[in-house]
Every structure is written in structure tokens, then in C-alpha cells.
Amino acid sequence: MLSKLRLLRPPVSPGSKILSAWDSKNYSDKKNGSGKNSRGKTPPLIQDEFSSNSNSPSTSHPPESEKNDGWHNDSNNKQSFRNWSLLGGAIVLSGTLYGIYHFDIMKQKKDDSHTIKETINAKKTRKLVKIPSLSESIPDKIQYLLIGGGTASFSAFRAIKSADPTARVLVISAEGYLPHMRPPLSKELWYGDDTEMAKSLNFHQWNGTSRSLFYEPEPFYTPVEELTTAKNGGISLARGWKVESINVSQKKVKLNDGKEISYDKCLIATGSIPKTLKLYDDASEELKNKFSVFRSINDFEDLWEQLGHIKSIAIIGGGFLGSELAASLANKGKKNGVKIYQIFKEKGNMGKVLPNYLSQWTTEKVRNEGVEVVTETEVKNCSLDNDKQQVNLVLSNGKNISVDHVIMAVGAKPNTELAADAGLEIDSKLDGYLVNSELQARTDLYIAGDCACFYDKQLGRRRVEHHDHAVISGRLAGENMAGAAKPYQHQPMFWSDIGPSVGYEAIGIVDSSLITMGVFAKGNHKDPSLANETDQNTSTNKKEINEELVSKNNESISENDYNKGVVFYLKNDVIVGIVLWNLFNRMSIARQVLKSDRCYKDLNEVAKLFNIHGDSS
């Protein structure tokens, strides 16, 4: 913006003055000796041009006609002198101003270039604002204490207030933002043409309506200072504060400034933190500035800003986040010509979740979005390249890729840093705090969300890192904190949207290492899901269903156009997971099938329950 404002008038260096036309004339006269002290004299610099011939005889008293001619000549000479002086002055002034302007523009370009380089090289540092600013404003004792300000906490305090309308709930969040949802950060916020809408963290939902990323506006929360005196209790949010330790036996927590808070009931909902690569951990700080993870609003805002300056991004990881981001950034970066690479070691996108044939089909869709997908490859090493402006990635396939920025989307791990001091048990296989079916780790201490490793009586011990689980587990924990004592019986679902062609919902254990059976529809071009697709093998019979079951070893992606269908995941011939591929509003059916917990002789018959060609998708 500054550079644009500067172009509204010719830039001037410090101490310079812009001359008016009048000032320009006086300046030229004085500079060339035509001031009042030199009146009637020929300016030295142009003497030979305007003076009489040096060989002409000189007379002391010329004739009258010569006097008149001399007077006219002298007058003409003076007028010519003035004209040329003005012209020369204008040229000098123009040259001076152009030099100043050119110098300032070049300096501005250099400054802008330096600013862009700084934007690319340095991660934005933000000062975390604490609200309230002093821990003295935070109550010393609270009825319900929630550690973490994410979806699980939000769901928990809504459940608590529903069961106990006068409850006093304190949420302590290390983040500086209000409780918000995370899925749109890698999906919806990157689509659409309204840049200001995205910057304000608003997005369009699937039904076309817009909403904020934040669950509730700030006035919804009771100021922390008023929580203990509020007539009907309330929900207060202490932002920018971190719980350093928990004393379970004394039912106390200690904040990062040493303040202690006693609680009646406590929930740990600290979520998970992104994993990083070893080559990043071992890198110099200068090289680390070229890398980032993606989880928070800060990460979204930084990446959004960088996308306006950089020309290439490598995303390492082929799972949910990596695949969603690859498609989203490719869509957003088309206008700026940003090249997106996606690198992962699996054979196709979502390779750990989807059967091989479907994973490869998805990969082709991601490539159609403009992403250069590099499969079955790992990044072995990295270094700074091109005057330290890019990262050179050395790949295991023998190739090198140079990019402006690298995003690590290689998974997440539960945030269990409070476990040691609290004496809480961590699951050795799945990680996360061990809790029972009621999400209780110890008396009056509950765990919910990503960091909870809970017992599912149907599917065994599990840990789930998805939005729906955060909502359901948070709600159950809140109800149990208020005295409900309910077991976790809900089967959480999850979903993913990878570009315009791939969208699915899933439930249960969805693992590509299991035996999978898929039934897909062969629609025609009138089918909404095939509107933008062309396939020579597409059937003209809208009601025809592909009766052939596709096993996990089927690697053909040319025989079928997997636009719509259902995939069953089997363990001991029992369905333990279901993927609804481009099928929506059928999750209740999937839950019923999963809940039956029995062997099916004909999965084609089960697939018909989902009405693959129905209009509800």
C-alpha cells in the first residue's frame, strides 16, 4: 500500500524541495547569472552563442541606427536568454526530479523485495495477549475447570450449563483465540472469491449459508473478573494462560506464573500437536523458517499471507490434512501461478485409509486440480538454495525439488505433557491419556477430544482425532462432570473434502490394511455426481449398480469411475468401518449397520440400504 501511495506524487528525498513553475524560473535565472547584479551582462556559459562576432571592430560611439539595432539585438538576446534559461532550468529540474523519483522507486522496489524476502523467510512473530492480563483476576477456586479452549471444551461447557444452569465454568486456553472449529482451516476458507470474508474467518457451509469459524462471539463469555459474582454463574475464558501442572489428589492446578487454582471437577482437553520431521528438527533456524506445520488460526493466516508472495510450496504428507491442503492451495494459488507439490511415501492419497484402487483414483483427482503429486517417495535431506531464498528437497527417488516453502502435514500426537506431574497413565500403543468408558482418568478428572484414549465396548480401545469425536466426547465428559455417569457408546464419524470431486464421510475403524469390499454406482451424465466427469465406460442406465465387489488388491482405476459408492472394512468377516464415498445424509444407516456387529453373507444387499443412486447425496 505504501508503494502505491508514493506513486501519487513524485517522490522526494529528505531535505529536497519541489519547485513550482515560478520558483523554477527564479532558480534558473539565479543559477545562470541573470540576477539583478548581472543585468545587461551576457551569462558566461552562453557568451559565445549570443555575443557579437569577436572579429568585428569595436567602436565607442556607434551610429544611431546601430544603437537602435544594438538595442533590439540586446533586447532579443535578453529575451532569448530568458527563454533558454527557462528551458534549461526546466530540463535540469526534470532531470533532478526524475533522478530523485527513479532513486526512490528503485529504493522502494528494493525495500519491497526485502520485505517479501523477510515475509518468505521469517515466520510471523505474534505477541500472545493474556486475557485477563494478571492472574490475580482469575478465581482461586472454581466449580468446573476446563483445560484447553478447543471443540471438546466448548462442547463440554455447553453440556455443563445445560445440566446445571447456574454452573460457574472457567476455561483456560493457551491460545489467544476464542473457541473455534478447525476443519474449515484446511478446506472451506480457501474456496470462494471473497477474500475479506476469509480473512475475517468466515466461510460458506455446504448448504450455502455463511458462518464464523468461532462458535460464539466474545459477549457470550462472562468476563473472568465477574465469574464468581455473576448471579446465574457463567462461562469465562482465560486466554493466553497455560496450566503447567496438576495435583490430582489436592485437586489443584498451577498456571505458568505460579498461581494455583482449586477445582471441584476438571476436564483435560488439550488436543494434539503437529508432528515434525527429523530433518526439520536437526535443521538450522534459518532453514526452519522455510518450514511450517498447519493446525491453528495463526498457521492459516501466515500461509494465506505467504501465498501472495511465493511461487511454490511442497506439502509433505498424503493423509487427511496434506491432501486437503494440497487441493485447497492449488485452487487458491491458480490466480498467482503458485506451484503445489505433494510428497508422501504411500502409493496414493489417503493410502493409509482408503483401499488402493480408491486411493489411486483420488490421487488422479488431486493431480487434476493442478497438484504435482509425488508418490512412494520420502524427503531424505534439505538445504537452502538460490541465495537462501528456497529449500532444496532431496528425494528418495533420486530427484530434487526447490520450493519457496514447505508444509509438514505428517500427523499429530496427543498433547499429554500434564501426565507426568499428575501421575496419569498413557496408552503405550495408541498414546493419549487412558480413560474408562465414562472418559474418567481419576476421580473428578476427565479427558476428552484428541488426547483421550477411551474404551469402545464394540471396537475396543481407541483414540480418535476428528471433529465429531471432539464434539461427542466433550459433551459426554461435560454431562458426566455434572453427574450423568454415561458410558461412551456413540460411534464418531469423520469426513474429508479433497477438491470438488472427492468428498466422503466415514465411521468406525477405517484402515486400508483391513480387507475392504466396495460397491460403486455406474451413473450417467445426468447424475449430479458425474456432471463434470467424462468416462467412456459410463453406463446409460441410471439405476444400474455395479454388482462386482472390488477387493483391496484390485489396482485398476480405468475399469470404474468411482464417483459414488460405499466401502466396507472387515475384521473377521464383521464390518468394523464404513466409508460413504460421495454419499451424504446416510450416516444413520451406517451406524445401524456397524452397530449390528454381525457377518453379512451378501454385502451387495447391505449396499442397497444406502440407496447409492438416491437424490439425498
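Residues numbered from 1 in each chain as written. Predicted model: local features only at pLDDT ≥ 70, side-chain atom pairs only at ≥ 80, totals over all residues. Heavy atoms only, no water.

J.: Outline the overall build of the protein, listing residues and values.
T.: Scanning the protein for helices and strands turns up 15 helices and 28 strands. Counting across all 617 residues of the protein, residues that qualify as buried make up 46%. Within the protein, residue pairs in contact and separated by at least 24 positions form 69% of the contacts whose partners lie at least 6 positions apart. In the structure as shown, the protein presents an accessible area of about 31700 Å², 49% of it carried by carbon and sulfur atoms. (Helix = DSSP H or I, 4+ residues; strand = E, 2+ residues; numbered from the N terminus. Buried < 20%, exposed > 50% of the residue type's maximum accessible area, 1.4 Å probe, protein only. Contact = heavy atoms within 4.5 Å. Areas by Shrake-Rupley, 256 points an atom, 1.4 Å probe, with all protein chains shown as cover.)

J.: Outline the sheet that holds strand β15 (residues 390-395), listing residues and values.
T.: Spatially, β14-β15-β16 is the arrangement adopted by the three strands of the open sheet, whose pairing is antiparallel. Pairing within the sheet leaves two strands with one partner each, and these edge strands are β14 (379-385) and β16 (400-403). The mean inter-strand angle of the sheet, taken between neighbouring strand axes irrespective of direction, is 20 degrees. Pairing analysis gives six bridges linking β14 to β15, with the strands arranged antiparallel. Within the sheet, the bridge partner assigned to Val379 lies in β15 and is Leu395. (Pairing = 2+ DSSP bridges. Axes fitted to C-alpha atoms, helices over the stretch in contact; angles between N-to-C directions.)

J.: Break down helix α13 (residues 467-481) for me, with residues and values.
T.: Given 3.6 residues to a turn, an α-helix orients residues that are three or four positions apart in the same direction. An ideal rise of 1.5 Å per residue puts 21 Å on 15 residues; α13 measures up with 21 Å between its terminal C-alpha atoms. Among the 15 residues in α13, 12 count as buried, and that is most of the element. The complete set of buried residues in α13 reads Asp468, His469, Ala470, Val471, Ile472, Ser473, Gly474, Leu476, Ala477, Gly478, Asn480 and Met481. After α13 finishes, the residue Gly483 shows a positive phi value of roughly 110 degrees. (Expected span 1.5 Å × (residues − 1).)

J.: Explain the packing of helix α5 (residues 151-163) against α13 to me, using residue names and the numbers behind them.
T.: Interaxial distance between α5 and α13 falls to 7 Å at its minimum, and their mutual angle equals 35 degrees. Here α5 and α13 pass one another in a crossing that is right-handed. In this structure, α5 contributes Thr151, Ala152, Ser155, Ala156, Ala159 and Ile160 to the contact, and α13 contributes His467, Ala470, Val471, Gly474, Arg475, Gly478, Glu479 and Met481. The residue makeup of the contact of α5 with α13, split by class, is seven nonpolar, five polar and two charged. (Left-handed = near helix turned anticlockwise from the far one by under 90°. Nonpolar A, V, L, I, M, F, W, Y, C, P; charged D, E, K, R; others polar.)

J.: Just give me the short version of unusual backbone geometry, but keep the residues and values in it.
T.: The linkage connecting Ile131 with the following residue, Pro132, adopts the cis geometry, with an omega of 0 degrees. Relative to the helices and strands, Pro132 is located in the loop between α4 (64-121) and β1 (141-147). One non-glycine residue, Asp387, lies in positive phi territory at about 60 degrees. Position of Asp387 among the secondary structure elements: in the loop between β14 and β15.

J.: Break down the nonpolar core for me, with residues and values.
T.: Grouped together as the largest cluster of nonpolar side chains are 110 residues, with contacts concentrated most on Ile246, Ile313, Leu329 and Trp581. Top element by residues in this core is α13. It accounts for six residues. Sequence-distant contacts of Ile313, defined by excluding residues within four places in its chain, comprise Leu303, Leu307, Leu329, Val338, Lys339, Ile340, Tyr341, Val403, His405 and Ile407. (Core = buried A, V, L, I, M, F, W, Y, C linked by side-chain atoms within 4.5 Å.)

J.: Before we move on, can you summarise the confidence of the model for the protein with the specific residues and values?
T.: In the predicted model, the protein carries a mean pLDDT of 81, and the fraction of residues at 70 or more is 73%. Contacts for the low-pLDDT stretch residues 1-73, under 50 throughout, to residues beyond four places or in other chains number 45 contacts. Scored below 50 in pLDDT, residues 524-558 makes 76 contacts in the model with residues more than four places away or belonging to other chains. (pLDDT = per-residue confidence, 0-100.)

J.: Break down a positive patch on the surface for me, with residues and values.
T.: A surface patch of like charges, here positive, comprises Lys275, Lys345, Lys352 and Lys413. With respect to the helices and strands, Lys413 occurs in strand β18 (residues 412-414). (Patch = residues over 30% accessible without salt bridge, like charges linked within 9 Å, V, L, I, M, F, W, Y side chains within 5 Å. Salt bridge = Lys/Arg side-chain N within 4 Å of Asp/Glu carboxyl O. Lys, Arg positive; Asp, Glu negative; His and termini not counted. Charge placed at Lys NZ, Arg CZ, Asp CG, Glu CD.)

J.: Quick rundown of the pairing of strand β7 (residues 252-255)? Include the residues and the values.
T.: Residues Val253 and Leu255 point to one face of β7 and are all buried, whereas Lys252 and Lys254, pointing to the other face, are not buried. By the bridge criterion, four bridges tie strand β6 (residues 243-247) to β7 in an arrangement that is antiparallel. Among the inter-strand pairings, Val243 is bridged to a residue of β7, identified as Leu255. Hairpin remark: β6 followed by β7, antiparallel, with four residues in the connecting loop; positive phi at Lys251, about 55 degrees. With three bridges connecting them, β7 and strand β8 (residues 260-268) associate as antiparallel partners. Bridging from a neighbouring strand, Lys252 pairs with Ser262 of β8.

J.: Lay out the pattern of salt bridges with the relevant residues and their values.
T.: By the definition in use, this model includes 21 salt bridges. A salt bridge links Lys187 to Glu324, with the shortest nitrogen-to-oxygen separation between them at 3.3 Å. On the criterion of sequence distance, the pair formed by Lys187 in the loop between β2 (168-173) and α6 (195-199) and Glu324 in helix α10 (residues 320-333) is long-range, its members being 137 residues apart. The exposure class assigned to Lys187 is buried, which follows from its relative accessible area of 5%. Residue Glu324 is classed as buried on the basis of its relative accessible area of 4%. Put simply, Lys608 and Glu605 hold a salt bridge, and the shortest N to O gap is 3.4 Å. With a gap of three residues between them, Lys608 and Glu605 both fall in helix α15 (residues 603-608), about one helical turn apart. Here Glu605 falls in the partly exposed class, since its relative accessible area comes to 44%.

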